[in-house]
Amino acid sequence: MLLIRCPYCRMERPELEFRYGGEAHITRPAEASAMSDAEWADFLYMRANPKGVHVERWRHIHGCGRFFNSVRDTVSDRILATYKPGEPRPDPDALARGDR
Ligand SMILES: [Zn+2]
């Protein structure tokens, strides 16, 4: 089971308290009406699925209820860092090397 640190509650809690929210940093297009159907489908459905470091959203559903971002290694299933939306994204390569 994953232990996830909520950046708002500042506690490590079991994964069961959280809900996965998909890839982080997906921005809705400003000119959605000008997009083709294929471009819109890509925005809605196409996501990265890396083997390695991945940036994703989580929600502390059975805690404070807030959304936050995390950097997770999909190979080891280890959360390398968590941070609030609007905070700078940690350098995934530095985290993978163990730099904090
Ligand atoms: Zn929380």
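Use the structure listed above.
Residues numbered from 1 in each chain as written. Predicted model: local features only at pLDDT ≥ 70, side-chain atom pairs only at ≥ 80, totals over all residues. Heavy atoms only, no water.

Peer 1: How do you make sense of the coordination of the zinc ion when you look at a structure like this?
Peer 2: Under perfect tetrahedral coordination by four donors, a metal shows angles of 109.5 degrees; under perfect octahedral coordination by six donors, it shows angles of 90 or 180 degrees. In the first shell of the zinc ion, the protein supplies Cys6 (SG), Cys9 (SG), His60 (ND1) and Cys64 (SG), at 2.1 to 2.3 Å from the metal. One can describe the donor arrangement at the zinc ion as tetrahedral, given that its four donor atoms subtend angles of 104 to 117° at the metal. Sequence spacing of the donor residues for the zinc ion, all on one chain, is C-x2-C-x50-H-x3-C. Here cysteine 6 is found in strand 1 (residues 3-6), whereas its partner histidine 60 is found in the loop between strand 4 (53-59) and strand 5 (67-73), with 54 residues between them in sequence. (Donors = N, O, S within 2.8 Å, 3.2 Å for Na, K, Ca; no water. Tetrahedral: all angles 85-135°; square planar, octahedral: opposite > 155°, others 65-115°. Helix = DSSP H or I, 4+ residues; strand = E, 2+ residues; numbered from the N terminus.)

Peer 1: Is there a simple way to explain the sheet that holds strand 6 (residues 78-83) in this structure?
Peer 2: Strand pairing in a sheet relies on backbone hydrogen bonds, with the paired strands running either antiparallel or parallel. Ordered in space as 3-4-5-6, the four strands form an open sheet in which the pairing is antiparallel. Two strands in the sheet have a free side with no partner beyond their single neighbour: strand 3 (19-23) and strand 6. Averaged over all pairs of adjacent strands, the angle between their axes in this sheet comes to 35°, without regard to strand direction. Strand direction decides the pairing type here: strand 3 and strand 4, joined by three bridges, are antiparallel. In the sheet register, glutamate 23 faces strand 4, and the bridge partner there is glutamate 56. (Pairing = 2+ DSSP bridges. Axes fitted to C-alpha atoms, helices over the stretch in contact; angles between N-to-C directions.)

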